Amino acid sequence: MEYELIGWPADGPTLRLDHERFAYAGKFVMSSTGKAVARDGGDVVAAVAFNADRTDEDVLWLRYVTVRADRRGDGLGPRLCELVRDRARERGYERLRIAVNNPFAYEALHRVGFGFTGEETGIAELVLEYPAPEDADERYVDGLDRYDDRDLTADERAFVAERRDRGPPDPVDGLETGDDAG
């Protein structure tokens, strides 16, 4: 597996993804966000789009994370977010934020050091931040509780219940990259 940051927002990178295999595929064609990808045998299997916060130059937002349908659950999303997180910190960003709309993404971001801020967007997304707030472990379950009033699938409900009982996830291990756009 190769992880690569292919360009920062100012570079105007674009990426064409198959809309039948990737959620948010159309968002990656836009040139206003930076992009990072995970490749397996040369094929893109995951991607992240990101950009600087318009009001706080110290914050980078992860806007879209997508994993090819047949590779979901393989840990590619968290590892790719870890790459962007590390490269952003090297570039001087103090904090990274992401708004997630499902419990699977919520869990994945916790695995790479993001924590629930207690905030939600106007479209019912939970806002997570890196570095995580000091009380991130306590807030982890609070975030899961926010999903109780949502229209979740049976699999999502079971996932939330199991995670609530278990508590915060273990972090992912470091990753190897083929990144040369850092």
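Residues numbered from 1 in each chain as written. Predicted model: local features only at pLDDT ≥ 70, side-chain atom pairs only at ≥ 80, totals over all residues. Heavy atoms only, no water.

A look at the confidence of the model for the protein
- In the predicted model, the protein carries a mean pLDDT of 92, and the fraction of residues at 70 or more is 95%.
- Mean pLDDT per element in the protein: helix α3 (residues 136-146) is the minimum at 92, and strand β2 (residues 34-40) is the maximum at 98.
- This stretch, residues 176-182, has a pLDDT under 50; its non-local contacts, to residues over four places away or in other chains, come to 20 contacts. (pLDDT = per-residue confidence, 0-100. Helix = DSSP H or I, 4+ residues; strand = E, 2+ residues; numbered from the N terminus. Contact = heavy atoms within 4.5 Å.)

What to know about the side chain of R163
- Within the element layout of this structure, R163 appears in helix α4 (residues 154-166).
- The contact partners of R163, leaving out residues within four places of it in the chain, are E107, Y140 and L144.

A closer look at the packing of aromatic side chains
- Scanning the model with the defined rule gives seven aromatic pairs in all.
- The rings of Y106, F116, Y140 and Y147 are connected pair by pair, giving a single aromatic cluster.
- In this structure, R85 packs its charged tip against the face of Y130, placed 4.9 Å from the ring centre. (Phe/Tyr/Trp six-rings, centres within 6.5 Å; stacked < 30°, edge-to-face > 60°. Lys NZ or Arg CZ within 6 Å of the ring centre and 35° of its normal.)

Here's the deal with the pattern of salt bridges
- What the rule picks out here adds up to 19 salt bridges.
- Across the salt bridge formed by R97 and E119, the nearest N and O atoms sit 3.0 Å from each other. Here the residue R97 occupies a position in strand β5 (residues 95-100), and E119 occupies one in strand β6 (residues 115-120), the gap between them amounting to 22 residues.
- Between E120 and R150 there is a salt bridge, with its nearest N and O atoms 2.8 Å apart. Here the residue E120 occupies a position in strand β6, and R150 occupies one in the loop between α3 and α4, the gap between them amounting to 30 residues. (Salt bridge = Lys/Arg side-chain N within 4 Å of Asp/Glu carboxyl O.)

Brief notes about the nonpolar core
- Among the nonpolar cores identified, the biggest contains 36 residues, and F50, L60, L62, Y106, L109 and F114 are the most heavily contacted of them.
- Top element by residues in this core is helix α1 (residues 76-90). It accounts for six residues.
- Discounting chain neighbours no more than four positions away, the residues touching L62 are V48, A49, F50, C81, V84, L96, R97, I98, L109 and F114. (Core = buried A, V, L, I, M, F, W, Y, C linked by side-chain atoms within 4.5 Å. Buried < 20%, exposed > 50% of the residue type's maximum accessible area, 1.4 Å probe, protein only.)

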